[in-house]
Amino acid sequence: MSVLLEARNIQYSVSGHTSSVFGSRRKTVLQDVSLHVAEQETLGIVGSSGSGKSTLSRILTGLAQPENGEILFQGKDLRDAAGQVRKDIRPKIQMIFQDPQGALDPRQTVRQIVKEPLHQMALSNEEKERRVLEVLADVALPQDGAERYPRMFSGGQRQRIAIARALVTRPSVIIADEAVSALDVSTQAVVLNLLLDLQERHGLSYIFVSHDLAVIRHISHRVAVLDEGRIVETGPTLSVLDHPQQSTTRDLIAASL
Ligand SMILES: Nc1ncnc2c1ncn2[C@@H]1O[C@H](COP(=O)(O)OP(=O)(O)O)[C@@H](O)[C@H]1O
Ligand SMILES: [Mg+2]
């Protein structure tokens, strides 16, 4: 399998909350993080709260810029010489967030929300409208749902709207940051199965971030364990979760039982 998206030696820090007479200190959030996802593969990223999962997700999609290291898409740098995310790569990497409520503008109709990522793309309006209806069908939302507002949908349906918006640019990889964590267990299963189905139909890769090891076990081929901004263990999901080599991994497993 060929590598689709790769992070190399990512370093990221933020300025500390407290400044003292010694000056403000920087807090390292990610330290020398390298990982990759292959075509049609799902990489799970696990780690306790504050380990750097969301920061890494934002860097992988180009929403945040690392101080050091690079993101490569099909071997090509995500950013150009000026540090801007390349326009041809941007539509290929999409993200889904935990909170569909917060991620969807309540004043916009589903049509407007799902269409929004297409504004940057050189497509006719007719083609954009066609794609909106196509992805709504893809995630099994009713076509007449396009004129409704997010509040009129259930939590699971709102996450389908978010998935439709991610799909509309025809991405190769979707980065899902705790994408099912806010849903009840039965809705989680439905949404996870939808994601697996979409992966098969569209040949998608996923980077699936979750603190929930049951979810990771269900969806991921490989897993990377993040601890205080470092990858401490990585390998096929079942070997990492059934035969953990590191204490961090064992602690995560113990905490999830
Ligand atoms: N903009 C920021 N300002 C200050 N601290 C931040 C910022 N972004 C992230 N952090 C810190 O980075 C660490 C990792 O955060 P995050 O990536 O959200 O972790 P996770 O998603 O694994 O819970 C945390 O300690 C958090 O406080
Ligand atoms: Mg997070």
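Everything quoted here is computed from the prediction, not taken from an experiment. (Residues numbered from 1 in each chain as written. Chains lettered and ligands numbered in written order. Predicted model: local features only at pLDDT ≥ 70, side-chain atom pairs only at ≥ 80, totals over all residues. Heavy atoms only, no water.)

Colleague: Run through the environment of Met95, naming residues and quoting values.
Modeller: With respect to the helices and strands, the residue Met95 is situated in strand S6 (residues 93-96). Taking the C-alpha atoms as reference, Met95 lies 8.9 Å from Ala162; in sequence the two are 67 residues apart. Setting aside its immediate chain neighbours within four residues, Met95 contacts Ser57, Arg58, Thr61, Leu63, Ala166, Ile175 and Asp177. (Helix = DSSP H or I, 4+ residues; strand = E, 2+ residues; numbered from the N terminus. Contact = heavy atoms within 4.5 Å.)

Colleague: Hey, could you go over the site of ligand 1 for me, with residue numbers and the actual values?
Modeller: Not every one of the 12 residues close to ligand 1 is listed here, only the nearest: Lys27, Gly50, Lys53, Ser54 and Thr55. At 2.9 Å, a side-chain N or O of Lys27 approaches an oxygen atom of ligand 1. Between an oxygen atom of ligand 1 and a main-chain N or O atom of Ser51, the distance comes to 3.3 Å. Isolated, ligand 1 exposes 560 Å² of accessible area, and the fraction of that covered by the protein chains is 62%. (Near = heavy atom within 4 Å. Polar contact = N/O pair within 3.5 Å; in protein donor to acceptor, adjacent residues only side chain to side chain. Areas by Shrake-Rupley, 256 points an atom, 1.4 Å probe, with all protein chains shown as cover.)

Colleague: Please give an account of the packing of aromatic side chains that cites residues and values.
Modeller: Evaluated as defined, the whole model comprises 0 aromatic pairs. Between Arg148 and the ring centre of Phe153, over which it is positioned, the NZ or CZ distance is 4.7 Å. (Phe/Tyr/Trp six-rings, centres within 6.5 Å; stacked < 30°, edge-to-face > 60°. Lys NZ or Arg CZ within 6 Å of the ring centre and 35° of its normal.)

Colleague: Kindly report on unusual backbone geometry, identifying the contributing residues and their values.
Modeller: At Asp32, a residue that is not glycine, the phi angle is positive and equals roughly 50 degrees. Asp32 sits in the partly exposed class, given a relative accessible area of 46%. For Glu178, which is not glycine, the phi dihedral falls at a positive 55 degrees. Here Glu178 shows up in the loop between strand S7 (173-177) and helix H6 (185-202). (Buried < 20%, exposed > 50% of the residue type's maximum accessible area, 1.4 Å probe, protein only.)

Colleague: Tell me about helix H5 (residues 155-167), residues and numbers included.
Modeller: For an α-helix the count is 3.6 residues per turn, leaving residues at separations of three or four pointing the same way. Taking 1.5 Å as the rise per residue, H5 with 13 residues should run 18 Å; its terminal C-alpha atoms sit 19 Å apart, in good agreement. Every buried residue of H5 is listed here: Gly156, Arg158, Gln159, Arg160, Ile161, Ala162, Ile163, Ala164, Arg165, Ala166 and Leu167. (Expected span 1.5 Å × (residues − 1).)

Colleague: Describe the packing of H5 against H6, listing the residues and the values that go with them.
Modeller: Two numbers describe how H5 lies on H6: the axes approach to 10 Å, and their chain directions differ by 20 degrees. Comparing their axes, H6 and H5 come out roughly parallel. Where H5 crosses over H6, the two elements pack in a sense that is right-handed. The residues of H6 that touch H5, namely those facing Gly156, Gln159, Arg160, Ile163 and Leu167, are Thr187, Val190, Val191, Leu194, Leu195 and Leu198. Per-class residue counts for the contact of H5 with H6 are 7 nonpolar, 3 polar and 1 charged. (Axes fitted to C-alpha atoms, helices over the stretch in contact; angles between N-to-C directions. Parallel < 35°, antiparallel > 145°, perpendicular 65-115°, else oblique. Left-handed = near helix turned anticlockwise from the far one by under 90°. Nonpolar A, V, L, I, M, F, W, Y, C, P; charged D, E, K, R; others polar.)

Colleague: Mind laying out the nonpolar core, listing which residues take part and the relevant values?
Modeller: With 45 residues, the main nonpolar core has Ile96, Val114 and Ile163 as its most contacted residues. Beyond its immediate chain neighbours, meaning those up to four positions away, Ile96 contacts Gln159, Ala162, Ile163, Ala166, Ile174, Ile175, Ala176, Asp177, Ala179 and Leu195. The next biggest cluster of nonpolar side chains, apart from the first, holds 28 residues, and it includes Ala7, Ile45, Leu56 and Val209. (Core = buried A, V, L, I, M, F, W, Y, C linked by side-chain atoms within 4.5 Å.)

Colleague: Any details on the side chain of Lys115? Residues and values, ideally.
Modeller: You can see Lys115 is positioned in helix H3 (residues 110-115). Side chain to side chain, Lys115 and Asn125 meet in a polar contact 2.8 Å long.

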